[in-house]
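Letter by letter, the chains look like this.
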Amino acid sequence: MLYAVLCYNSEDAVAAWSREEEDKVMSDLAAVERKYAAAGKLGPVARLMPTTAATTLRKSPGESFVVDGPFAETKEQFLGFFLVDMETLDEAIAFARELAVANPGVGAYEIRPLRVFKPGGSLEAL
Amino acid sequence: MSELSWIDLALSSARPQAMGALLRYFRDLDLAEEAFQEACLRAVRTWPEKGPPRDPVAWLIFVGRNSGIDHLRKRARQEPLPPEELLSDLDDVEGDLAERLDGSHYRDDILRLLFVCCHPELPATQQIALALRIVSGLSVRQIARAFLVSEAAMEQRITRAKGRIAAAGLPFEAPDAVSRTERLGVVAAMIYLVFNEGYSAGEKQRADAPFCEEAIRLSRLLLRLFPAEPEIMGLTALLLLQHSRRSARFGADGQIVLLEDQDRSLWDKRAIREALALIDKALRHRAPGSYQIQAAIAALHARAEVAEQTDWEQIDLLYQSLERIQPSPVVTLNRAVAVSKRHGPQAALDLIEPLAERLSGYFYFHGLRGGLLQQLGRAREAHDAFERAIALATTPAEAGHIRQHLDALARDIAILAK
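If you check an unreviewed UniProt entry, chain B appears there as RNA polymerase sigma factor from Mycoplana rhizolycopersici.

Going by an unreviewed UniProt entry, chain A carries the name YciI family protein and comes from Mycoplana rhizolycopersici. Per UniProt, chain A carries the Sequence similarities (unreviewed entry) text "Belongs to the YciI family."

Below you can see the structure in the form of structure tokens.
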């Protein structure tokens, strides 16, 4: 089963990370990613820019309109995701737990099974 | 990350909103600060054991509010005349906080908190100190170090600034659309001041007082509150772009490295990408303003992979539009750099000579003028201009940079004299 592991956290808190904290979290997360990539279970991984960089196209019966900012104003923001291929939900939860150890504190990981997946072409990595 | 550092992060990121709400309730900066402080102390005592509350901001406001009310009650018992006006709107303590927070209140709360720091009677340095203390929560010690004054002196300055704000009366009515826009402009200018204070001193000297990062944080916060304001997008982009060059701006021994000589591989690509995304968003509004134009200029530098690829013509045009929106000799001085690249040093010199009187006390004027004269082979005049610049330098790095020019000139003059 393919799962998306969606990362939610307060972007204020994440933006307040010092460079050392940021580097530490990123390298700890990379270690988890390497482990699952080696097992052939890790797909695309993305970290999103702050919601201030977001633009939303609102559909409406007439013409859709563009608004600045994220789709919803929430206390915790959608900050990134991992796509993984896991045998069971338990395995997906175990992966999320490892992410939580690498990046402790507040926030949440939503584990969401995929209905459709189109891997698309290869994009240049950032 | 350790247990305690995530609590610190949660507390500092909750600070503007919680402080803003407490200030609205208590209408007194000191009381709001004490109440927030008390709430933080309780958080540090209880969160590690019980885990963080679902909504840390609401928790801090609720606890802070109760502790502030306790404080007022105690004070009321000690004083012969209870401060009725302070207690009068504390009736709804048990009111539904979550609902209050979801309203548009918090937006005006944070804007007000930022705005009170920008009182027009306060000199720029006091506005900066106050914002960093009250909104960002930097310690007096950190701020004092950055301004190179003693902790006691900074404490006194902040106390005095607060006194002036209290005397002037805080703006507690909910702002209408016009005054909200005015406040936004004033606050944006203050955030830019905070950034420049850090930027002009250079990274190394202020390692423990991260003014530039704080300014970016405040600017992002403001943009999140007002997501459709193109000038706040421009401001955020401008700060990100300036800050993206932080690792390349100074050499190993602290000397200034000019933009064209910087190692561009040291520029922070992530910050640049975010800034470019913000500029794209801002442009869609077709409402140009000075921060957007300055950001667009900085973006043209950021897009050039090598200095020779810089689009000086476009930069010149952008400075011309900036001159129209915000005429100032400093803007013209900046445009002169682009003019010198496009049309040579004489054209640039012709542009800045009329500014001599107004910019006679400005370091960069004499520095640029010296550089142009030097390019034109007018070594002795260049020497005099650099001498004046050095006398006006405000940091050792600025002085050191001009000293290099003077040394080079001295060699030229010596050769000519032989």
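1. Considerations on the packing of aromatic side chains
Across all of its chains, the model carries 9 aromatic pairs over all chains by this definition. On the basis of an interplanar angle of 70° and a centroid distance of 5.3 Å, the ring pair of W47(B) and W59(B) is categorised as edge-to-face. Placement of W47(B) in helix α2 (residues 29–50) and of W59(B) in helix α3 (residues 56–78) is noted, with a sequence separation of 12 residues between them. On the accessibility criterion, W47(B) (2% relative accessible area) is buried. Here the aromatic rings of F363(B) and Y364(B) are separated by 4.9 Å at their centres, their planes lie at 80°, and the arrangement is edge-to-face. For F363(B), a relative accessible area of 8% translates into the label buried. What links up through ring pairs into an aromatic cluster is the set Y36(A), F82(A) and F95(A). Cation over ring: R65(B) sits above Y25(B), and NZ or CZ is 3.8 Å from the ring centre. Looking at R245(B), its charged tip hangs above the ring of W267(B), at a distance of 5.8 Å from the centre.

2. Observations regarding the pairing of strand β5 (residues 77–85) of chain A
Working note: regular strand, side chains alternate between the two faces of the sheet. All names here are of chain A. Where strand β1 (residues 2–9) lies against β5, 8 bridges are found, and the strand directions are antiparallel. Along β5, the bridge assignment pairs Y8 with F78. Note: strand β2 (residues 42–47) against β5, 4 bridges, orientation antiparallel. Considered in β5, the bridge of V45 is made with F82.

3. A short note on the domain arrangement of chain B
Along its sequence, chain B is carved into domain 1 (1–90), domain 2 (106–168 + 175–226) and domain 3 (228–310). Relative to domain 3 of chain B, the C-alpha centre of domain 1 of chain B lies at a distance of 38 Å.

4. Overview of unusual backbone geometry
Negative phi is the rule for most residues except glycine; trans is the rule for most peptide bonds. Residues and elements named next belong to chain B. Within the chain, L148 stands out as a residue other than glycine whose phi angle is a positive 55°. If you trace the backbone, L148 turns up in the loop between α8 (140–146) and α9 (151–168). Residue classification places L148 among the exposed positions, given a relative accessible area of 77%. Within the chain, R286 stands out as a residue other than glycine whose phi angle is a positive 50°. One can find R286 in the loop between α13 (269–283) and α14 (290–303).

5. A few points about empty space enclosed by the protein
Tallied over the full model, the rule gives 2 cavities of 30 Å³ or more. Quantified by volume, the largest cavity comes out at close to 80 Å³. Taken together, 12 residues make up the lining of the largest cavity; nearest its centre are N9(A), A13(A), W17(A), P104(A) and V106(A). For the lining of the largest cavity, the secondary-structure elements that each account for two or more residues are α1 (11–15) of chain A together with α1 (3–26) of chain B. Residue contributions to the lining of the largest cavity peak at 3 residues, all from α1(B). Looking at the lining of the largest cavity residue by residue, the class counts come to 9 nonpolar, 3 polar and no charged.

So, how was this worked out
- Residues numbered from 1 in each chain as written.
- Chains lettered and ligands numbered in written order.
- Predicted model: local features only at pLDDT ≥ 70, side-chain atom pairs only at ≥ 80, totals over all residues.
- Heavy atoms only, no water.
- UniProt positions renumbered as here; feature names shortened; annotations may be inferred.
- Phe/Tyr/Trp six-rings, centres within 6.5 Å; stacked < 30°, edge-to-face > 60°.
- Helix = DSSP H or I, 4+ residues; strand = E, 2+ residues; numbered from the N terminus.
- Buried < 20%, exposed > 50% of the residue type's maximum accessible area, 1.4 Å probe, protein only.
- Lys NZ or Arg CZ within 6 Å of the ring centre and 35° of its normal.
- Pairing = 2+ DSSP bridges.
- Domains from an automatic or database assignment.
- 1 Å grid on protein atoms, 1.4 Å probe; cavity = no way out; pocket = protein on both sides within 12 Å on 5 of 7 lines; lining within 4 Å.
- Points joined across faces, edges and corners; volume = space filled by probe spheres on them.
- Nonpolar A, V, L, I, M, F, W, Y, C, P; charged D, E, K, R; others polar.

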